[in-house]
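# Fold and contact review
So the chains spell out like this:
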Amino acid sequence: MALVMGTVIVLPDLKQSSAFWQQLKVGRHQLRLIDYRQFSDASLDYQTLARAVEQLVRQVPQPVTLIGDGIGAVIALKVAVTAFGRIDNLLLVKPQYQIPTARLKRQAARWRLLPQGSFKDRPLDKKSSLALLQSLYDADLTNQLMHVQCPTTVFCGARDRQNRTAAQGLSNRLFDGHLVWIDKMEAAINDDGLKALGNQLR
């Protein structure tokens, strides 16, 4: 049996099928893909999720690499702010630290028009997705970024016009921030993005 060399915790975006992340190559690490549905009975907001993930970080085999994509990246960033010394590596895909509330409201309006079945393969059902989205309105982590002490790599698609400014700004503001452009990736993570993440986990 191969020796487990720590844990990779993944916080997926709400628009991405969780099954996609099962393809991530994590080497000798243990993969823990967060199932947001286990928290759906609680008051589902991003700060509640961040506290729950922080508790998990304290329980799993060390060292811990925390990966967040989209809204999952916001939650991962919040965890990194409070989990001092518990996270060894932070990998963020198209993260936001000053939440673009107007964009989220437009997204919520579109989601309200979708049938419940459209959320079947997503990390959360329609009601819970909207609740989590609304909890992010006006969230701003700018003044908390100084507390993120672990090495952080920000991934953004070279064709992603929505998130590139935030990706650059975040990597510049972090104590140990690095920015990686994914040539063939747009606003949603794809196989090229997954491969880039896997290369970080070797």
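Above this note sits the structure.
This is a predicted model, so every value here is computed, not measured.

Let's shift gears to the side chain of K94. Assignment of secondary structure puts K94 in the loop between strand 4 (89–93) and helix 3 (101–112). A relative accessible area of 7% places K94 in the buried class. For K94, the side chain forms a polar contact with the side chain of D69, separated by 2.4 Å. Not counting the four nearest positions on each side in its chain, K94 is found in contact with D13, D69, G70, F155, D160, N163, A187, A188 and I189.

The strand order across the open sheet built from 6 strands is 2-1-3-4-5-6, with neighbouring strands paired in parallel fashion. At either margin of the open sheet sits one strand with a lone partner, and together these are strand 2 (30–33) and strand 6 (177–182). Taking the axes of each pair of neighbouring strands and ignoring which way they run, one obtains an average angle of 20 degrees across the sheet. Relative to strand 2, strand 1 (residues 7–11) is paired through 4 bridges, and the arrangement is parallel. Residue pairing for strand 2: V8 is matched across the bridge by L31. Relative to strand 1, helix 1 (residues 46–59) is tilted by about 170 degrees, and along the sheet it contacts strand 1, strand 2 and strand 3 (64–69). Each of strand 4, strand 5 (152–157) and strand 6 touches helix 5 (residues 164–173); the most contacted strand, strand 6, lies at about 155 degrees to it.

Relative to the helices and strands, D192 is located in helix 6 (residues 191–200). Spatially, the C-alpha atoms of D192 and I87 are 25 Å apart, while their sequence positions differ by 105 residues. Setting aside chain neighbours within four positions, we find D192 in contact with I182 and K184.

For the rest of this paragraph, the subject is the state of the cysteines. Counted according to the given criterion, the structure contains 0 disulfides. Of all cysteine sulfurs in the structure, the one in C150 sits closest to C156, which takes part in no disulfide; the separation is 19 Å. Judged by its relative accessible area of 0%, C156 is buried.

Our next topic: the pairing of strand 5. The element strand 5 is largely enclosed, with a buried count of 6 among its 6 residues. Here strand 5 shows a buried face lined by T152, V154 and C156 and a second buried face lined by T153, F155 and G157. Looking at chain direction, strand 4 and strand 5 are connected through 4 bridges and run parallel. Paired with L90 across the strands is T152, a residue of strand 5. As judged from the 6 bridges shared by strand 5 and strand 6, these two strands associate in the parallel manner.

To continue, consider the pairing of strand 1. Each regular strand carries side chains that alternate between the two faces of the sheet. Buried residues dominate strand 1, accounting for 5 of its 5 residues. Sheet topology places strand 1 next to strand 3; 5 bridges connect them, and they run parallel. Within the sheet, the bridge partner assigned to V10 lies in strand 3 and is I67.

This part covers helix 6. For helix 6, the complete set of buried residues consists of G193, L194, A196, L197 and G198. Where the residues of helix 6 are buried, they touch strand 3, strand 4, strand 5 and strand 6. Two to three positions downstream of the cap, the backbone nitrogen of D192 sits 3.1 Å from a side-chain oxygen, assigning the N-cap of helix 6 to N190.

A word on unusual backbone geometry. A cis amide bond links Q62 with the next residue in sequence, P63, at an omega value of -5 degrees. On the secondary structure map, P63 appears in the loop between helix 1 and strand 3. Here the phi dihedral of K94 falls at roughly 40 degrees; this positive angle occurs in a residue that is not glycine. Positive phi values are uncommon outside glycine, yet D138 reaches one of about 70 degrees.

The rules behind each value
- Residues numbered from 1 in each chain as written.
- Predicted model: local features only at pLDDT ≥ 70, side-chain atom pairs only at ≥ 80, totals over all residues.
- Heavy atoms only, no water.
- Helix = DSSP H or I, 4+ residues; strand = E, 2+ residues; numbered from the N terminus.
- Buried < 20%, exposed > 50% of the residue type's maximum accessible area, 1.4 Å probe, protein only.
- Polar contact = N/O pair within 3.5 Å; in protein donor to acceptor, adjacent residues only side chain to side chain.
- Contact = heavy atoms within 4.5 Å.
- Pairing = 2+ DSSP bridges.
- Axes fitted to C-alpha atoms, helices over the stretch in contact; angles between N-to-C directions.
- Disulfide = S-S within 2.5 Å.

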